[in-house]
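An overview of the molecular structure
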Amino acid sequence: MRNALIRLENIHKTYTTKDKTLHALSGIDLQIEKGKIFGIIGRSGAGKSTLIRMLNLLEKPTQGRVFINERDITAISEAELRKVRQKIGMVFQHFNLLTSRTVLDNVCFPLRLAGMPKKERHDRAIELLSLVGLTDHIHKYPRQLSGGQQQRVGIARALANKPELLLCDEATSALDPETTQSILGLLADINKRLGITIVLITHGMDVIRSICDQVAIIDGGKIAEMGEVLDVFLHPQHETTTALLSESGVDANSWRELVGGVQGRIIRLTYRGIATAQPLLSQVSRELNVNLSILQGAVGKIKDTPYGQLVLAVDSEEKQYAPLAAFFKGQDVEYEVLKP
Ligand SMILES: Nc1ncnc2c1ncn2[C@@H]1O[C@H](COP(=O)(O)OP(=O)(O)OP(=O)(O)O)[C@@H](O)[C@H]1O
């Protein structure tokens, strides 16, 4: 891949305890492009935390290699690794702030560790706290802030050393839905404005849908499926993906329950980048004299792209099917026959 910031090569992680050996990750190959937001989703115990902690080697692989900017960081000294880690920010589920320090001091802390002079780190921290919208709270203590505000401090702190990569370990799991959206909005903004690559792990497809460009679904320590979020949402291939989508209200298969009483063909139309296919349906129905009834429909937005997917029953003369397919293909609408 051109522009890969991260490349994992055949990563295995085995935990050995007294009475058993557990394969937390088995043969993970993965590339993450610079400037993207990459989501890792899976059920509890699938291996997400182990995987994200591999990216800064907080967790060392039992086998395999981790490359950042094509440099193998499994083969460098601890001192070099510390420098690499300074350029990787990390945001945690429970914020991990220093409770006895003010908001300002929390953000200054990593800068002090990096050896930045006092005045400079003060100015940089003020600038970062303004970026995350906390200018009015810099002298407060973490306990005086809401969960969302504490996470904003966590994000400002993670950005302190101008990282190239931001790792978010369930960054919104402890927050209510509204606060989750505002934190996701902040992360998307940071990605866009500062060009920082973000890797996040989550249990929720809604998080993936809101801000990610690419997604990997992991199951039992392996990658079940991986790709562009739009493709994975619209054409899930693996049963874990389908189950996770269905839990977040995206059920691509409910049309099957209606299919018994339907005459004619069943087709599926998928479109991206246009808000609604309604005018196309009216036009084709009029021009080709076909009756279309909607068995299932979903319209929405994935990140910034509107999309729709409609399952239709077509009542028509046999000779009209070919022009019908041609019409949609000509409109950049994907046309699939689900039942001939
Ligand atoms: N230090 C450890 N020692 C032994 N087993 C571990 C250790 N860390 C993780 N595991 C095991 O490895 C597997 C993967 O764990 P991991 O925490 O990566 O999953 P996860 O997908 O992040 O789960 P969750 O969503 O619940 O956090 C689990 O079976 C877990 O019990």
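Predicted, not measured: the structure shown is a model, and the values here were computed from it.

1. Regarding the overall build of the chain
- The helix and strand tally for the chain stands at eleven helices and 14 strands.
- Expressed as lengths along the three principal axes of its C-alpha atoms, the size of the chain is roughly 80 × 50 × 35 Å.
- Counting all 340 residues of the chain, 35% fall into the buried class.
- Of all intrachain contacts in the chain linking residues separated by at least 6 positions in sequence, the fraction that spans at least 24 positions is 68%.

2. Regarding the nonpolar core
- The biggest cluster of nonpolar side chains holds 74 residues, and the ones touching the most others in it are V107, L167, V199 and V215.
- The residues contacting L167, other than those within four sequence positions of it, are I52, L55, N56, I88, M90 and V199.
- Ranked by size, the runner-up nonpolar core spans 15 residues in total, among them L269, V290, V311 and A313.

3. Digging into unusual backbone geometry
- Positioned with a positive phi, L57 is a non-glycine residue whose angle comes to about 55°.
- In the Ramachandran plot, N96 falls in the positive-phi region, its phi being about 50° despite a non-glycine side chain.
- Looking at the secondary structure, you find N96 in the loop between strand 6 (88-92) and helix 3 (103-113).
- Residue classification places N96 among the partly exposed residues on the basis of 15 C-beta atoms within 10 Å.

4. Re the domain arrangement of the chain
- Here the chain is partitioned into domain 1 (4-247) and domain 2 (254-339).
- Once you take the C-alpha centre of each, domain 1 and domain 2 turn out to be 39 Å apart.
- If you look at the interface, domain 1 gives seven residues, while domain 2 gives seven residues.
- Of all the secondary-structure elements, those providing two or more residues to the side of domain 1 that touches domain 2 are helix 7 (205-211) and helix 8 (229-234).
- Element by element, the count of residues in the side of domain 1 that touches domain 2 is highest for helix 8, at four residues.
- In terms of residue class, the side of domain 1 that touches domain 2 is made up of five nonpolar, no polar and two charged.

5. Side note on the site of the ligand
- As a structural note, the neighbourhood of the ligand is formed by Y15, L22, A24, G42, S44, G45, A46, G47, K48, S49 and T50.
- Those elements that place two or more of their residues in the shell around the ligand are strand 2 (21-33) and helix 1 (48-54).
- Of the residues forming the shell around the ligand, the biggest block, three residues, is contributed by helix 1.
- In the shell around the ligand, the residues fall into four nonpolar, six polar and one charged.

6. Some thoughts on the sheet that holds strand 7 (residues 165-169)
- Strand order in this open sheet of six strands is 6-7-8-3-9-10, and the pairing throughout is mixed. On the outer flanks of this sheet lie strand 6 and strand 10 (222-228), each paired with one strand and no other. Between one strand and the next, the sheet's axes are offset by a mean angle of 15°, whatever the strand orientation.
- Pairing of strand 9 (residues 214-219) with strand 10, which is carried by six bridges, proceeds in the antiparallel orientation. Bridged to I217 within strand 10 is E225.
- Each of strand 6 and strand 7 is contacted by helix 5 (residues 147-159), which is oriented at about 165° to strand 6, the strand it contacts most.

7. Considerations on the UniProt feature "domain: ABC transporter" (unreviewed entry) in the chain
- As recorded in UniProt, the feature "domain: ABC transporter" (unreviewed entry) lies at residues 6-245.
- For residues 6-245, the helix share is 38%, the strand share is 28%, and the end-to-end C-alpha distance is 27 Å.

8. Here's the deal with the packing of helix 5 against helix 6 (residues 177-194)
- Their axes nearest at 10 Å, the elements helix 5 and helix 6 cross at an angle of 20°. Looking at the two axes, helix 5 sits roughly parallel to helix 6. As helix 5 runs across helix 6, the sense of the crossing is right-handed. Each of G147, G148, Q151, R152 and I155 in helix 5 lies in contact with helix 6, whose residues at this interface are T179, S182, I183 and L186.
- Its residues assigned to classes, the contact of helix 5 with helix 6 shows three nonpolar, five polar and one charged.

Rules of the game
Residues numbered from 1 in each chain as written. Predicted model: local features only at pLDDT ≥ 70, side-chain atom pairs only at ≥ 80, totals over all residues. Helix = DSSP H or I, 4+ residues; strand = E, 2+ residues; numbered from the N terminus. Buried ≥ 20, exposed ≤ 12 C-beta atoms within 10 Å, placed from the backbone. Contact = placed C-beta atoms within 7 Å. Core = buried A, V, L, I, M, F, W, Y, C linked by C-beta atoms within 7 Å. Domains from an automatic or database assignment. Nonpolar A, V, L, I, M, F, W, Y, C, P; charged D, E, K, R; others polar. Near = placed C-beta within 6 Å. Pairing = 2+ DSSP bridges. Axes fitted to C-alpha atoms, helices over the stretch in contact; angles between N-to-C directions. UniProt positions renumbered as here; feature names shortened; annotations may be inferred. Parallel < 35°, antiparallel > 145°, perpendicular 65-115°, else oblique. Left-handed = near helix turned anticlockwise from the far one by under 90°.

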